[in-house]
Amino acid sequence: MPTTLSPSDALIVVDVQNDFCAGGALAVPEANPILPELNRWIESAERGGAVIVASRDWHPPDHMSFRERGGPWPPHCIQDTEGAAFHSGLRLPPGAVVLSKGTDPERETYSAFDGTGLTERLHAAGVRRVWVGGLALDYCVKATVLDARREEFETHLIEPATRPVEAKAGDGDRALEAMRIAGAIIEHP
Ligand code: VGL
Ligand code: ZN
């Protein structure tokens, strides 16, 4: 169950886009069951007046992370395509802050903090604690949580609201351990 959030909290929903969900170009296994959990957290954040941030992977068609350019991934989350749209089951309120990342064709950016101005935005809003969920646990969620710790936010990972890609078996568990070591608090169901 979601914690009661307040205006000094931010909920960061990472990359809940069609291409990372069932049937998508880079589908994360069992991604769709996180939707109701995320929606409960979004409602709680709304009620408490917390900042709600939704990041999206937003690549140009020739992004360097794509296989045709020697990168590790199939083409995914190409700007203005259906695959890059937020999943229709995600209930984002009109006040949510949408941040696009991965827009430079020559640079990979996994973290929602990387080049988006998120740190400054959260400081300006008086945010001290962040709550992170979304996709994928072992890439963009992990990078976002580690950056949040680097920026000295009290950082909570909502474990039931995230899933790993697990390109290599064990990546999800290793990501959790790295976050724990960095001082993140893992919220269990
Ligand atoms: C992501 C792989 C490639 C993510 C983005 O959102 O975790 N993973 N691009
Ligand atoms: Zn990507």
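The structure contained in this document is the topic of the report that follows. (Residues numbered from 1 in each chain as written. Chains lettered and ligands numbered in written order. Predicted model: local features only at pLDDT ≥ 70, side-chain atom pairs only at ≥ 80, totals over all residues. Heavy atoms only, no water.)

### Quick look at the coordination of the zinc ion (ligand 2)
Here is step 1 of the chain: Those donors, D57 (OD), H59 (NE2) and H76 (NE2), are the protein atoms that reach the zinc ion (ligand 2), and they lie 2.0 to 2.2 Å from it.
Here is step 2 of the chain: Given four donor atoms and angles of 85 to 168° at the metal, the environment of the zinc ion (ligand 2) is assigned as irregular.
Here is step 3 of the chain: Sequence spacing of the donors to the zinc ion (ligand 2): D-x1-H-x16-H. Of this pair, H59 sits in the loop between β2 (51-57) and β3 (97-101) while H76 sits in the loop between β2 and β3, and the two are 17 residues apart along the sequence. Take H59 and H76: they sit in the same class, and that class is buried. (Donors = N, O, S within 2.8 Å, 3.2 Å for Na, K, Ca; no water. Tetrahedral: all angles 85-135°; square planar, octahedral: opposite > 155°, others 65-115°. Helix = DSSP H or I, 4+ residues; strand = E, 2+ residues; numbered from the N terminus. Buried < 20%, exposed > 50% of the residue type's maximum accessible area, 1.4 Å probe, protein only.)

### Thoughts on the sheet that holds strand β4 (residues 129-135)
Here is step 1 of the chain: In spatial order, the strands read β3-β2-β1-β4-β5-β6; together these six strands make up an open sheet with parallel pairing. The outermost strands of the open sheet, each flanked by one partner alone, are β3 and β6 (185-187). Shown here is a sheet whose adjacent strand axes are inclined to one another by a mean of 25°, direction ignored.
Here is step 2 of the chain: Sheet analysis places strand β5 (residues 154-163) next to β6, joined by three bridges and oriented parallel. What sits directly across from L157, in β6, is I186.
Here is step 3 of the chain: Taken strand by strand, helix α1 (residues 34-48) contacts β1 (9-14), β2, β4 and β5, and its axis lies near 145° from that of β5. (Pairing = 2+ DSSP bridges. Axes fitted to C-alpha atoms, helices over the stretch in contact; angles between N-to-C directions. Contact = heavy atoms within 4.5 Å.)

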